[in-house]
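# A closer look at the structure
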Amino acid sequence: MEKVTEKVMDTAAEFRPHRVVVLAMDGLLPFELGIFGRPKDALRRRLYEVMTCSVRPPGPVRTDADFSIMVEHGPELLATADTVVVPASYELGPVFEEGVLTAELAAALAHIRPGTRLASICTGVFVLAAAGYLDGRPATTHWAETDQLQRLFPKIDVDPDVLFIDDGDILTSAGVAAGLDLCLHMVRRDHGAAVANEVARRTVVPPHRDGGQAQYIERPVPEPQLATTTAARAWALGRLHEPIQLRDMAAQESMSVRTFTRRFREEAGVSPGQWLTQQRVERARHLLESSDLSVDQVAQQAGFGTAQSMRQHLQAALGVTPTAYRRTFRTGVRT
C-alpha cells in the first residue's frame, strides 16, 4: 500500500497540463477555445492550460463583435506553448490579401519552438501559410476562402471539402464552427474518445460530425417533397456489424441507387461507402477503448470482418494499428 501511495504522489508531482497558447489578433472570433478548458483527468485536474497572447505587448485586442478582450501576455508566451492555436480573424489585412506577414506577426511567430504543434481555425490558416509552415502540405479553410488560399499559396494542397485536416504536427479547420470539430479531435487524439465524448456532451455539440463542408456550400434548395437519407443512415448504424450493400441502404428510402448516392453525398458530404467506413472506424475506436474484446472480435463487431481489414482502415484513418491505439487510449486493459 505504501508503494502504491508513493507512486500516486510521484505521478501527481510529475503532472503538467498541456499548454495551449492562443494567438489573439484584431478581429478575433472567440468561439471554440472553451473546448480545451473542460477536459479533466481522473483526479479532476485540467488536462490543458489555455493562455492567450497578443502579437503586441499586453493590452486590449478587438474581437469581431462590439467588445475587446484584455490579453495579459505578449508574443514571447508562444515560446512556452505545446500547441499554438491561430483562431479566425476578419482583419488579417496583407496576410489575407497578399499572403504576406506583417512585421509584428512575423516577429511573434519567431518565438514558436521547433516541434510545437500548430493549429488554425478558419481564416487563421492564412497566417500559417504566409509563414511557410504549410508548403507541400494539405490544408483547409472555410469553403468560401479556399480559392483565395490556393491562389496565394500554390504549394499548399488545399482541400475545400473537409471539416478539418490533421497532418500530424499541423492541423487546419474549415469555417468557425468546424473549429469545434478540430478542437474535439485534438482532445480525442491526446486523451481518447471517452474524454472527448464527455467534453462534447458538456458542450452540447456532437462528438463527431459526418461528412465534410461540401454539405454547407451554397447550392439550390432541393424540392421539399424529396426524401432525405436520414432513415438509411439510422438503419445502417443499427447493423454496422453486418455486411451492408448500397442497394439495401437505397431501399430504405425507396430510391434508386443512383439517386440515393447523389442525395447522400449532397447531405453528408461523402459517399455512402466512405460514410460507412467512418462509422465503422468510430465503432472500432469505441470498442478498443471501452471493452476487453479481442482485436478479432472488435473487427467483427465494427463490421470490418477481419482484423487485417480493420488494421488497414485504422492505419489509413488514424495512422496507428488497433493494438497501438488500444495501448495509448485504454487504461486497465487485461493482458
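If you're wondering where the values come from, they're calculated on a predicted model, not measured in any experiment. (Residues numbered from 1 in each chain as written. Predicted model: local features only at pLDDT ≥ 70, side-chain atom pairs only at ≥ 80, totals over all residues. Heavy atoms only, no water.)

## Quick notes on the overall build of the protein
Counting secondary structure elements, the protein contains 14 helices and 10 strands. Within the protein, counting contacts between residues at least 6 apart in sequence, those at least 24 apart form 65% of the total. (Helix = DSSP H or I, 4+ residues; strand = E, 2+ residues; numbered from the N terminus. Contact = heavy atoms within 4.5 Å.)

## Section: helix 13 (residues 307-318)
Given a rise of 1.5 Å per residue, 12 residues ought to cover 16 Å, and the 16 Å separating the end C-alpha atoms of helix 13 matches this to within 8%. Those residues of helix 13 that sit buried are Ala307, Ser309, Met310 and Leu314. Seen end-on, helix 13 carries its buried residues on one side only, within an arc spanning 155°. Where the residues of helix 13 are buried, they touch helix 11 (272-290), helix 12 (295-302) and helix 14 (322-329). Taken from the residues just after helix 13, glycine 319 is the one with a positive phi, measuring 80°. (Expected span 1.5 Å × (residues − 1). Buried < 20%, exposed > 50% of the residue type's maximum accessible area, 1.4 Å probe, protein only. Arc of directions from axis to C-beta.)

## With respect to unusual backbone geometry
A positive phi angle, near 55°, is found at cysteine 122, a position not held by glycine. Within the secondary structure, cysteine 122 sits in the loop between strand 6 (117-120) and helix 4 (125-130). Positive phi values are uncommon outside glycine, yet serine 254 reaches one of about 55°. Assessed through its relative accessible area of 72%, serine 254 is described here as exposed.

## Some words on the packing of helix 11 against helix 12
Across the interface, helix 11 lies against helix 12 with an axial gap of 9 Å and an inter-helix angle of 145°. Handedness of the helix 11/helix 12 crossing: right-handed. In contact with Arg280, Arg283, Ala284, Leu287 and Leu288 of helix 11, helix 12 contributes Val298, Gln301 and Ala302. Of the residues contributing to the contact of helix 11 with helix 12, the split by class is five nonpolar, one polar and two charged. (Axes fitted to C-alpha atoms, helices over the stretch in contact; angles between N-to-C directions. Left-handed = near helix turned anticlockwise from the far one by under 90°. Nonpolar A, V, L, I, M, F, W, Y, C, P; charged D, E, K, R; others polar.)

## Focus on the layout of surface pockets
Its boundaries defined by the atoms lining it, the second largest pocket holds a volume of some 700 Å³. Together, 26 residues line the second largest pocket, and Lys40, Asp41, Leu47, His191 and Val195 are the ones closest to its centre. Every element with two or more residues in the lining of the second largest pocket is listed here: helix 6 (178-191), helix 7 (193-203), helix 11 and helix 14. When residues in the lining of the second largest pocket are grouped by element, the largest group, seven residues, is from helix 7. Residue composition of the lining of the second largest pocket, grouped by class: nine nonpolar, seven polar and 10 charged. (1 Å grid on protein atoms, 1.4 Å probe; cavity = no way out; pocket = protein on both sides within 12 Å on 5 of 7 lines; lining within 4 Å. Points joined across faces, edges and corners; volume = space filled by probe spheres on them.)

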